[in-house]
Amino acid sequence: MILFILCFVLFLIGLYGVVTKRNLIKIIISIAIMEYSINLFFILIGYIKGATAPIINDEVQAAVFVDPLPQAMILTAIVIGLATTALLLAIAIRLYRKYGTFDIRKINSLKG
Amino acid sequence: MAKYFVIIILLILLFLIFWNLQKNTAPRNRLDLLSSRYIDQGPREVGSANLVTAVVVAYRGFDTLGEVIVLFLAATGVGFLMQKRQKAYPKSNPASEILRTGSDVLLPVIILTGTYIFLHGHLTPGGGFQGGVVIASGFLLQFLARPESRIKVRKLHFIESISGFFYVLSGLAGLILAGGFLDSRFLPLGKWGELISAGAIPLIYSFIGLKVGSELVGILNNLKGD
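A quick note: this is a predicted structure, and the numbers were derived from the prediction, not measured.

A. Looking closely at the side chain of Asn221 of chain B. If you trace the backbone, Asn221 of chain B turns up in helix α8 (residues 201-224). According to the relative accessible area criterion, Asn221 of chain B is buried, its value standing at 14%.

B. Quick look at the packing of helix α2 (residues 33-45) of chain B against helix α3 (residues 51-59) of chain B. Residues and elements named next belong to chain B. Interhelical geometry of α2 versus α3 gives an angle of 75° and a closest axis separation of 10 Å. Considering their axes alone, α2 and α3 lie roughly perpendicular with respect to each other. Taking contact as the criterion, the partners of Arg37, Tyr38, Ile39, Gln41, Gly42, Pro43 and Glu45 in α2 are, on α3, Leu51, Val55 and Tyr59. Here the contact of α2 with α3 is composed, by residue class, of six nonpolar, two polar and two charged.

C. Quick look at the interface of chain B and chain A. On the chain A side, the residues contacting the 50 residues of chain B number 41 residues. With both chains or domains summed, chain B and chain A bury close to 3,900 Å², and 79% of this area falls on carbon and sulfur atoms. Counting across the chain B and chain A interface gives zero salt bridges. The tally of links between chain B and chain A comes to two residue pairs in polar contact (both at pLDDT 80 or more). Residues that form the side of chain B that touches chain A fall into these classes: 34 nonpolar, nine polar and seven charged.

D. A look at the environment of Gly14 of chain A. All names here are of chain A. Position of Gly14 relative to the elements: it lies in helix α1 (residues 2-20). Overall, Gly14 belongs to the buried group, its relative accessible area being 0%. Distance in space between the C-alpha atoms of Gly14 and Leu95 is 22 Å, their sequence separation being 81 residues. Gly14 has contacts with Ser30, Ile33 and Met34, leaving out every residue within four places of it along the chain.

E. How the structure looks around α1 of chain A. The first and last C-alpha atoms of α1 of chain A sit 27 Å apart over 19 residues, in line with the 27 Å expected at 1.5 Å per residue. Lining the buried residues of α1 of chain A we find α2 (24-45) of chain A together with α1 (2-23) of chain B.

F. Quick peek at the nonpolar core. Ranked by size, the top nonpolar core spans 40 residues in total, and within it Val56, Tyr167, Ile204, Ile208, Val212 and Ile219 of chain B carry the most contacts. Elements that contribute at least two residues to this core include exactly α3 (68-99) of chain A together with α3, α4 (61-81), α6 (128-145), α7 (153-177) and α8 of chain B. The biggest single contributor to this core is α8 of chain B, with nine residues. When sequence neighbours within four positions are dropped, the list of residues in contact with Ile219 of chain B reads Ala83 and Ala86 of chain A together with Ala75 and Val78 of chain B. If you look at the next biggest cluster of nonpolar residues, it comprises nine residues, including Phe8, Phe11 and Ile45 of chain A together with Phe18 of chain B.

Cut-offs used in this document
- Residues numbered from 1 in each chain as written.
- Chains lettered and ligands numbered in written order.
- Predicted model: local features only at pLDDT ≥ 70, side-chain atom pairs only at ≥ 80, totals over all residues.
- Heavy atoms only, no water.
- Helix = DSSP H or I, 4+ residues; strand = E, 2+ residues; numbered from the N terminus.
- Buried < 20%, exposed > 50% of the residue type's maximum accessible area, 1.4 Å probe, protein only.
- Axes fitted to C-alpha atoms, helices over the stretch in contact; angles between N-to-C directions.
- Parallel < 35°, antiparallel > 145°, perpendicular 65-115°, else oblique.
- Contact = heavy atoms within 4.5 Å.
- Nonpolar A, V, L, I, M, F, W, Y, C, P; charged D, E, K, R; others polar.
- Buried area = accessible area lost by both parts, 1.4 Å probe.
- Salt bridge = Lys/Arg side-chain N within 4 Å of Asp/Glu carboxyl O.
- Polar contact = N/O pair within 3.5 Å; in protein donor to acceptor, adjacent residues only side chain to side chain.
- Expected span 1.5 Å × (residues − 1).
- Core = buried A, V, L, I, M, F, W, Y, C linked by side-chain atoms within 4.5 Å.

What follows is the structure, given as C-alpha coordinates:
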(Lines give C-alpha, C1' and ligand atoms only; values in the text may rest on other atoms or scores of the structure.)
Protein backbone atom coordinates (compact mmCIF):
# COMPACT_ATOMS: atom_id res chain seq x y z
CA MET A 1 0.00 0.00 0.00
CA ILE A 2 2.71 2.48 0.99
CA LEU A 3 4.54 1.62 -2.24
CA PHE A 4 1.55 2.60 -4.37
CA ILE A 5 1.30 5.92 -2.55
CA LEU A 6 5.02 6.57 -3.06
CA CYS A 7 4.50 5.77 -6.74
CA PHE A 8 1.72 8.36 -6.85
CA VAL A 9 4.00 10.88 -5.12
CA LEU A 10 6.66 10.25 -7.79
CA PHE A 11 4.03 10.90 -10.48
CA LEU A 12 3.07 14.15 -8.73
CA ILE A 13 6.72 15.26 -8.62
CA GLY A 14 6.89 14.81 -12.39
CA LEU A 15 3.57 16.62 -12.87
CA TYR A 16 4.79 19.51 -10.70
CA GLY A 17 7.89 19.78 -12.86
CA VAL A 18 5.90 19.81 -16.11
CA VAL A 19 3.52 22.48 -14.83
CA THR A 20 5.93 24.85 -13.11
CA LYS A 21 9.31 24.66 -14.87
CA ARG A 22 10.10 27.03 -17.75
CA ASN A 23 13.15 25.24 -19.14
CA LEU A 24 12.36 22.71 -21.89
CA ILE A 25 15.06 20.28 -20.74
CA LYS A 26 13.63 20.28 -17.21
CA ILE A 27 10.15 19.66 -18.63
CA ILE A 28 11.47 16.65 -20.57
CA ILE A 29 13.14 15.29 -17.42
CA SER A 30 9.83 15.70 -15.57
CA ILE A 31 7.99 13.79 -18.30
CA ALA A 32 10.55 11.00 -17.94
CA ILE A 33 9.95 10.92 -14.16
CA MET A 34 6.17 10.58 -14.73
CA GLU A 35 6.80 7.79 -17.20
CA TYR A 36 8.98 5.87 -14.77
CA SER A 37 6.41 6.23 -12.00
CA ILE A 38 3.82 4.63 -14.28
CA ASN A 39 6.27 1.84 -15.16
CA LEU A 40 6.88 1.24 -11.45
CA PHE A 41 3.14 1.17 -10.84
CA PHE A 42 2.58 -1.53 -13.46
CA ILE A 43 5.42 -3.65 -12.08
CA LEU A 44 3.96 -3.30 -8.57
CA ILE A 45 0.56 -4.54 -9.80
CA GLY A 46 2.21 -7.78 -10.88
CA TYR A 47 4.17 -8.21 -7.66
CA ILE A 48 3.41 -11.08 -5.29
CA LYS A 49 4.93 -11.12 -1.83
CA GLY A 50 7.80 -13.58 -1.53
CA ALA A 51 7.68 -14.69 -5.16
CA THR A 52 10.70 -15.04 -7.45
CA ALA A 53 11.37 -13.75 -10.96
CA PRO A 54 9.52 -15.78 -13.64
CA ILE A 55 12.57 -17.61 -14.97
CA ILE A 56 12.32 -21.35 -14.55
CA ASN A 57 15.38 -23.44 -13.83
CA ASP A 58 15.93 -26.64 -11.92
CA GLU A 59 16.35 -25.05 -8.48
CA VAL A 60 13.26 -22.86 -8.30
CA GLN A 61 10.82 -24.99 -10.23
CA ALA A 62 8.36 -25.32 -7.35
CA ALA A 63 8.49 -21.70 -6.18
CA VAL A 64 5.82 -19.03 -6.64
CA PHE A 65 6.49 -16.65 -9.52
CA VAL A 66 5.52 -13.01 -9.99
CA ASP A 67 3.22 -12.08 -12.86
CA PRO A 68 5.22 -12.08 -16.14
CA LEU A 69 2.66 -10.06 -18.10
CA PRO A 70 3.27 -6.53 -16.68
CA GLN A 71 7.01 -7.13 -16.87
CA ALA A 72 6.73 -8.01 -20.56
CA MET A 73 4.66 -4.89 -21.23
CA ILE A 74 7.00 -2.57 -19.34
CA LEU A 75 10.08 -4.13 -20.93
CA THR A 76 9.04 -2.77 -24.30
CA ALA A 77 7.57 0.42 -22.84
CA ILE A 78 10.96 1.42 -21.38
CA VAL A 79 12.63 1.21 -24.80
CA ILE A 80 9.74 3.11 -26.42
CA GLY A 81 10.09 5.72 -23.66
CA LEU A 82 13.78 6.08 -24.53
CA ALA A 83 12.92 6.67 -28.19
CA THR A 84 10.15 9.18 -27.44
CA THR A 85 12.46 11.06 -25.06
CA ALA A 86 14.98 11.25 -27.90
CA LEU A 87 12.20 12.63 -30.14
CA LEU A 88 11.31 15.27 -27.53
CA LEU A 89 14.99 16.23 -27.24
CA ALA A 90 15.23 16.54 -31.03
CA ILE A 91 12.24 18.92 -30.99
CA ALA A 92 13.88 20.88 -28.15
CA ILE A 93 17.14 21.13 -30.14
CA ARG A 94 15.26 22.44 -33.19
CA LEU A 95 13.52 25.04 -31.01
CA TYR A 96 16.87 26.05 -29.55
CA ARG A 97 18.34 26.55 -33.02
CA LYS A 98 15.39 28.75 -34.01
CA TYR A 99 15.06 30.83 -30.83
CA GLY A 100 18.44 30.51 -29.12
CA THR A 101 16.85 29.67 -25.79
CA PHE A 102 15.18 26.82 -23.90
CA ASP A 103 12.87 29.20 -21.99
CA ILE A 104 9.28 28.52 -23.03
CA ARG A 105 8.25 32.10 -22.20
CA LYS A 106 10.46 33.36 -25.02
CA ILE A 107 9.31 30.74 -27.55
CA ASN A 108 6.14 32.58 -28.50
CA SER A 109 5.88 32.91 -32.27
CA LEU A 110 2.61 30.98 -32.35
CA LYS A 111 1.07 33.24 -29.71
CA GLY A 112 -2.13 35.14 -30.46
CA MET B 1 -7.83 31.06 -2.80
CA ALA B 2 -10.12 29.53 -5.43
CA LYS B 3 -7.03 28.49 -7.39
CA TYR B 4 -5.67 26.38 -4.52
CA PHE B 5 -9.12 24.91 -3.99
CA VAL B 6 -9.26 23.76 -7.63
CA ILE B 7 -5.74 22.32 -7.39
CA ILE B 8 -6.62 20.34 -4.26
CA ILE B 9 -9.81 19.00 -5.88
CA LEU B 10 -7.81 17.93 -8.96
CA LEU B 11 -5.22 16.19 -6.79
CA ILE B 12 -7.91 14.30 -4.91
CA LEU B 13 -9.51 13.19 -8.19
CA LEU B 14 -6.13 12.06 -9.55
CA PHE B 15 -5.46 10.13 -6.36
CA LEU B 16 -8.87 8.45 -6.68
CA ILE B 17 -7.90 7.23 -10.16
CA PHE B 18 -4.73 5.68 -8.76
CA TRP B 19 -6.61 4.26 -5.80
CA ASN B 20 -9.20 2.55 -7.97
CA LEU B 21 -6.51 1.17 -10.27
CA GLN B 22 -4.69 -0.60 -7.44
CA LYS B 23 -7.67 -1.37 -5.16
CA ASN B 24 -8.65 -4.70 -6.67
CA THR B 25 -5.14 -5.94 -7.28
CA ALA B 26 -3.02 -4.59 -4.42
CA PRO B 27 -2.59 -7.38 -1.86
CA ARG B 28 -2.06 -10.31 -4.17
CA ASN B 29 -0.90 -13.65 -3.00
CA ARG B 30 -1.70 -15.66 -6.10
CA LEU B 31 -1.75 -15.16 -9.85
CA ASP B 32 -4.86 -14.63 -11.92
CA LEU B 33 -5.96 -17.18 -14.50
CA LEU B 34 -4.17 -15.75 -17.52
CA SER B 35 -0.81 -15.35 -15.79
CA SER B 36 -0.93 -18.76 -14.14
CA ARG B 37 -1.61 -20.25 -17.55
CA TYR B 38 1.47 -18.50 -18.91
CA ILE B 39 3.51 -19.86 -16.00
CA ASP B 40 2.16 -23.41 -16.15
CA GLN B 41 2.04 -23.94 -19.89
CA GLY B 42 4.81 -21.57 -21.04
CA PRO B 43 7.79 -23.90 -20.63
CA ARG B 44 5.97 -26.80 -22.29
CA GLU B 45 4.20 -24.94 -25.11
CA VAL B 46 6.90 -22.48 -26.15
CA GLY B 47 9.98 -24.11 -24.62
CA SER B 48 11.33 -20.91 -23.08
CA ALA B 49 12.77 -20.87 -19.56
CA ASN B 50 12.38 -17.10 -19.26
CA LEU B 51 8.61 -16.64 -19.14
CA VAL B 52 8.80 -12.89 -19.78
CA THR B 53 10.44 -13.75 -23.10
CA ALA B 54 7.71 -16.32 -23.76
CA VAL B 55 5.09 -13.58 -23.30
CA VAL B 56 6.97 -10.93 -25.29
CA VAL B 57 7.94 -13.04 -28.30
CA ALA B 58 5.43 -15.87 -28.48
CA TYR B 59 2.14 -15.15 -26.69
CA ARG B 60 2.08 -11.42 -27.42
CA GLY B 61 4.38 -11.26 -30.41
CA PHE B 62 1.98 -9.06 -32.31
CA ASP B 63 2.20 -6.42 -29.55
CA THR B 64 5.97 -6.54 -29.81
CA LEU B 65 5.82 -6.03 -33.56
CA GLY B 66 3.70 -2.93 -32.91
CA GLU B 67 6.19 -1.64 -30.35
CA VAL B 68 9.07 -2.15 -32.77
CA ILE B 69 7.13 -0.14 -35.36
CA VAL B 70 6.59 2.67 -32.81
CA LEU B 71 10.33 2.64 -32.11
CA PHE B 72 11.03 2.84 -35.84
CA LEU B 73 8.65 5.80 -36.20
CA ALA B 74 10.30 7.63 -33.30
CA ALA B 75 13.75 7.01 -34.81
CA THR B 76 12.53 8.28 -38.18
CA GLY B 77 11.06 11.35 -36.48
CA VAL B 78 14.38 12.13 -34.82
CA GLY B 79 16.14 11.73 -38.17
CA PHE B 80 13.61 14.02 -39.83
CA LEU B 81 13.90 16.71 -37.17
CA MET B 82 17.69 16.68 -37.08
CA GLN B 83 18.30 16.49 -40.82
CA LYS B 84 19.36 20.12 -41.16
CA ARG B 85 23.06 20.06 -40.41
CA GLN B 86 24.68 22.66 -38.25
CA LYS B 87 26.87 24.99 -40.25
CA ALA B 88 29.89 25.03 -37.96
CA TYR B 89 30.44 22.23 -35.50
CA PRO B 90 31.83 23.89 -32.36
CA LYS B 91 35.42 22.83 -31.89
CA SER B 92 35.68 21.24 -28.48
CA ASN B 93 38.69 19.96 -26.64
CA PRO B 94 39.67 16.44 -27.70
CA ALA B 95 38.81 13.67 -25.27
CA SER B 96 41.52 12.49 -22.95
CA GLU B 97 43.83 9.61 -23.77
CA ILE B 98 42.23 7.43 -21.09
CA LEU B 99 38.71 7.89 -22.49
CA ARG B 100 39.80 7.21 -26.09
CA THR B 101 41.84 4.10 -25.28
CA GLY B 102 39.23 2.85 -22.83
CA SER B 103 36.42 3.20 -25.34
CA ASP B 104 38.48 1.38 -28.00
CA VAL B 105 39.06 -1.50 -25.58
CA LEU B 106 35.49 -1.55 -24.28
CA LEU B 107 33.51 -1.23 -27.54
CA PRO B 108 34.03 -4.85 -28.73
CA VAL B 109 33.34 -6.16 -25.21
CA ILE B 110 30.12 -4.15 -24.94
CA ILE B 111 28.94 -5.35 -28.37
CA LEU B 112 29.75 -8.93 -27.34
CA THR B 113 27.80 -8.50 -24.09
CA GLY B 114 24.80 -7.13 -25.96
CA THR B 115 24.91 -10.05 -28.38
CA TYR B 116 25.12 -12.47 -25.45
CA ILE B 117 22.11 -10.81 -23.81
CA PHE B 118 19.86 -11.10 -26.85
CA LEU B 119 20.99 -14.59 -27.83
CA HIS B 120 20.27 -15.93 -24.33
CA GLY B 121 16.96 -14.12 -24.03
CA HIS B 122 14.99 -17.33 -23.65
CA LEU B 123 17.22 -18.73 -20.87
CA THR B 124 18.45 -15.86 -18.68
CA PRO B 125 17.18 -12.36 -17.87
CA GLY B 126 17.50 -10.19 -20.93
CA GLY B 127 16.40 -10.22 -24.53
CA GLY B 128 16.35 -8.27 -27.75
CA PHE B 129 15.39 -4.89 -26.36
CA GLN B 130 17.94 -4.93 -23.55
CA GLY B 131 20.73 -6.30 -25.76
CA GLY B 132 20.06 -3.64 -28.38
CA VAL B 133 20.24 -0.87 -25.78
CA VAL B 134 23.53 -2.28 -24.45
CA ILE B 135 25.00 -2.25 -27.98
CA ALA B 136 23.85 1.35 -28.46
CA SER B 137 25.50 2.33 -25.17
CA GLY B 138 28.83 1.09 -26.54
CA PHE B 139 28.44 3.35 -29.57
CA LEU B 140 27.50 6.25 -27.27
CA LEU B 141 30.85 5.77 -25.49
CA GLN B 142 32.59 5.83 -28.86
CA PHE B 143 30.76 9.07 -29.83
CA LEU B 144 31.84 10.69 -26.56
CA ALA B 145 35.46 9.61 -26.99
CA ARG B 146 35.75 10.61 -30.64
CA PRO B 147 33.17 13.28 -31.55
CA GLU B 148 34.76 13.70 -34.99
CA SER B 149 34.29 10.04 -35.97
CA ARG B 150 31.64 9.06 -38.50
CA ILE B 151 29.67 5.84 -38.66
CA LYS B 152 28.51 4.36 -41.93
CA VAL B 153 24.84 5.37 -41.95
CA ARG B 154 24.00 3.34 -45.04
CA LYS B 155 25.22 0.11 -43.43
CA LEU B 156 23.28 0.97 -40.28
CA HIS B 157 20.08 1.46 -42.25
CA PHE B 158 20.76 -1.77 -44.12
CA ILE B 159 21.06 -3.78 -40.87
CA GLU B 160 17.94 -2.10 -39.51
CA SER B 161 15.76 -2.75 -42.52
CA ILE B 162 17.02 -6.28 -43.18
CA SER B 163 16.41 -7.35 -39.56
CA GLY B 164 12.93 -5.80 -39.58
CA PHE B 165 12.20 -7.57 -42.85
CA PHE B 166 13.31 -10.94 -41.47
CA TYR B 167 11.30 -10.34 -38.29
CA VAL B 168 8.09 -9.97 -40.31
CA LEU B 169 9.17 -12.87 -42.54
CA SER B 170 9.57 -15.19 -39.53
CA GLY B 171 6.11 -14.09 -38.43
CA LEU B 172 4.77 -15.13 -41.84
CA ALA B 173 6.67 -18.44 -41.55
CA GLY B 174 4.80 -19.03 -38.30
CA LEU B 175 1.55 -18.27 -40.12
CA ILE B 176 2.27 -20.86 -42.81
CA LEU B 177 4.13 -23.60 -40.90
CA ALA B 178 2.69 -23.29 -37.38
CA GLY B 179 -0.41 -22.03 -35.59
CA GLY B 180 -0.56 -18.35 -36.54
CA PHE B 181 1.21 -15.08 -37.21
CA LEU B 182 4.44 -14.83 -35.15
CA ASP B 183 4.00 -18.35 -33.77
CA SER B 184 7.55 -19.31 -32.81
CA ARG B 185 7.00 -23.06 -33.05
CA PHE B 186 7.75 -23.48 -36.75
CA LEU B 187 11.25 -24.57 -35.75
CA PRO B 188 11.63 -27.66 -33.51
CA LEU B 189 11.44 -26.91 -29.79
CA GLY B 190 14.61 -28.87 -29.02
CA LYS B 191 15.89 -29.81 -25.60
CA TRP B 192 14.54 -27.50 -22.91
CA GLY B 193 17.14 -25.15 -21.40
CA GLU B 194 19.76 -25.30 -24.16
CA LEU B 195 20.93 -22.39 -26.28
CA ILE B 196 19.41 -23.69 -29.52
CA SER B 197 15.93 -24.50 -28.32
CA ALA B 198 12.52 -22.89 -27.85
CA GLY B 199 11.70 -22.88 -31.56
CA ALA B 200 12.31 -19.59 -33.32
CA ILE B 201 12.52 -17.44 -30.16
CA PRO B 202 16.35 -16.93 -30.28
CA LEU B 203 16.08 -16.11 -33.99
CA ILE B 204 13.24 -13.60 -33.56
CA TYR B 205 14.90 -12.01 -30.52
CA SER B 206 18.16 -11.65 -32.46
CA PHE B 207 16.32 -9.77 -35.20
CA ILE B 208 14.66 -7.56 -32.58
CA GLY B 209 18.02 -6.96 -30.89
CA LEU B 210 19.74 -5.98 -34.14
CA LYS B 211 16.85 -3.72 -35.12
CA VAL B 212 16.62 -1.97 -31.75
CA GLY B 213 20.40 -1.60 -31.54
CA SER B 214 20.83 -0.11 -35.00
CA GLU B 215 17.83 2.18 -34.52
CA LEU B 216 19.17 3.55 -31.24
CA VAL B 217 22.64 4.02 -32.73
CA GLY B 218 20.94 5.93 -35.56
CA ILE B 219 19.10 8.12 -33.02
CA LEU B 220 22.36 8.84 -31.19
CA ASN B 221 24.10 9.63 -34.46
CA ASN B 222 21.33 12.06 -35.41
CA LEU B 223 21.35 13.73 -32.00
CA LYS B 224 25.14 14.12 -32.25
CA GLY B 225 24.32 16.80 -34.79
CA ASP B 226 26.97 17.01 -37.44
